[in-house]
Amino acid sequence: ITYRENFSHTLHEGDIKLLNGKDLQPVDVLCGGFPCQAFSIAGYRKGFEDDRGNIFFEIIRLVNELETMPKVLFLENVKNFKTHDKGNTFKTVLQIINDLGYSVFHDVLNTCDYTSIPQNRERTFLICFRDEYNWEFSGDENSMSHRFSTVFPPKKSSSNRPVRAFLEKKPVSENFYYREDKYMYKELVQTMTSDDTLYQWRRQYVRENKSNRCPTLTANMGTGGHNVPLIRTNDGFRKLTPRECFNFQGFPKSFKLPKDLANSHLYKQSGNSVSVPLIALLAKAIRQVL
């Protein structure tokens, strides 16, 4: 619903297993992500038997089925992906991508290090170029991978914008506020002393993010409770609105949030998203190399 609200191009919906690469228009860059939870069982074969783990293999299947294999694979995953299952998961993924004939660049990048957005969001990125298997041993200075190695990872940003720059300017609904009738109100009053800091409720205490950054936004924000970061304003203590969460992911003001969609869905979507300016930074580097 949110996607269709903002984009008009073809959108395929449904089970990825039913998607046939032969029916799709070939692309230069294929981008996406796949869950890491599936690989919790020791030994990658058992882990990949999980439906969530199979999403990676579905991506690889589509790469093979497209009339022309993409020039670039642009994949994203969680911070600890490389060390998951003692490194077996990552090793398997690299080997499969290599066997397709792609080089693989990978690094953990934090949104607040490379953009002006003050969100602490570390994610693993894999950027792979076609027909360059073992490029690092070839010494071919004409290869795309050789050129990409000069621009990746990108240079770090010098500063972040203040937290308050991402808050809504218009009055916020009372539904987002925590008043005296809330059981943890006294704790909020004692701990939330700064208007320029985001806080988190941790079951029995309030956690202050002293770096003046937004904590990592997660899909759990859509499950209720107090998973959404908190802010102190002139009108009291409240949680961030869905729009503010999208702001902290770098979505433009023109991005539409459907009015008839529950806040729980919008929170989950913002937490499941990527930081737009960081993706744009990497996309520009890929395009420059191509």
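Residues numbered from 1 in each chain as written. Predicted model: local features only at pLDDT ≥ 70, side-chain atom pairs only at ≥ 80, totals over all residues. Heavy atoms only, no water.

Caption draft 1: Geometry of the sheet that holds strand β2 (residues 72-78). Taken in spatial order, the four strands make up an open sheet running β1-β2-β4-β3, and their pairing is mixed. Two strands close off the open sheet at either side, each with one partner strand: β1 (29-33) and β3 (102-110). The mean angle between the axes of side-by-side strands here comes to 15 degrees, regardless of whether they run parallel or antiparallel. Both β3 and strand β4 (residues 122-130) contribute to a ladder of nine bridges, which runs antiparallel. (Pairing = 2+ DSSP bridges. Helix = DSSP H or I, 4+ residues; strand = E, 2+ residues; numbered from the N terminus. Axes fitted to C-alpha atoms, helices over the stretch in contact; angles between N-to-C directions.)

Caption draft 2: Structural context of helix α10 (residues 263-272). Looking at α10, one finds that the buried residues are Leu266, Tyr267, Ser270 and Gly271. Seen end-on, α10 carries its buried residues on one side only, within an arc spanning 130 degrees. Against the buried residues of α10 lie α1 (2-6), β9 (236-239) and α9 (242-247). (Buried < 20%, exposed > 50% of the residue type's maximum accessible area, 1.4 Å probe, protein only. Arc of directions from axis to C-beta. Contact = heavy atoms within 4.5 Å.)

Caption draft 3: View of the pattern of salt bridges. This structure, assessed with the given rule, holds nine salt bridges. Among the salt bridges present, the one from Arg61 reaches Glu65, with a minimum N-O distance of 2.9 Å. Linking Arg61 with Glu65, this pair stays in helix α3 (residues 51-65), spanning four residues, or about one helical turn. Arg61 gets classed as partly exposed once you look at its relative accessible area, which sits at 22%. By sharing partners, the salt bridges in this structure join Glu58, Arg61 and Glu65 into a single network. (Salt bridge = Lys/Arg side-chain N within 4 Å of Asp/Glu carboxyl O.)

Caption draft 4: Examining the sheet that holds strand β8 (residues 230-233) more closely. Taken together, five strands build an open sheet; the order of strands is β5-β9-β8-β6-β7 and the sheet is antiparallel. The open sheet has two edge strands with one neighbour each: β5 (177-178) and β7 (205-208). As paired strands, strand β6 (residues 198-202) and β7 are joined by four bridges and run antiparallel to one another. From the neighbouring strand, Gln200 faces β7, where its bridge partner is Arg207.

Caption draft 5: Examining the confidence of the model for the protein chain more closely. For the protein chain, the average pLDDT comes to 89, and 93% of its residues sit at 70 or higher. For the stretch residues 40-45, pLDDT sits under 50, and the model shows eight contacts to residues farther than four places along the chain or on other chains. (pLDDT = per-residue confidence, 0-100.)

Caption draft 6: Summary view of the nonpolar core. Core analysis: the largest hydrophobic core is formed by 20 residues, its most contacted members being Ile97 and Leu126. Contributing elements (two or more residues each) for this core: α3, β2, α4 (88-99), β3 and β4. The biggest single contributor to this core is α4, with five residues. Setting aside residues no more than four positions away along its own chain, Ile97 makes contact with Phe56, Leu73, Leu75, Tyr102, Val104, Leu126 and Cys128. (Core = buried A, V, L, I, M, F, W, Y, C linked by side-chain atoms within 4.5 Å.)

Caption draft 7: Representation of unusual backbone geometry. In this chain, Phe152 is followed by Pro153 through a cis amide linkage whose omega measures -5 degrees. In the Ramachandran plot, Asp131 falls in the positive-phi region, its phi being about 60 degrees despite a non-glycine side chain. Tracing the backbone shows Asp131 in the loop between β4 and α6 (135-138).

Caption draft 8: Just the packing of aromatic side chains, in detail. Scanning all chains against the criterion turns up 17 aromatic pairs. Ring geometry for Tyr3 versus Phe7: centroids 4.8 Å apart, planes at 40 degrees, classification tilted. The exposure class assigned to Tyr3 is partly exposed, which follows from its relative accessible area of 39%. Residue Phe7 is classed as partly exposed on the basis of its relative accessible area, which comes to 38%. Each residue in the set Phe34, Phe56, Phe57, Phe81 and Phe90 is aromatic and connected to the rest through ring pairs, giving one cluster. When the ring centre of Phe166 is taken as origin, the NZ or CZ atom of Arg161, which lies over that ring, is 4.9 Å away. (Phe/Tyr/Trp six-rings, centres within 6.5 Å; stacked < 30°, edge-to-face > 60°. Lys NZ or Arg CZ within 6 Å of the ring centre and 35° of its normal.)

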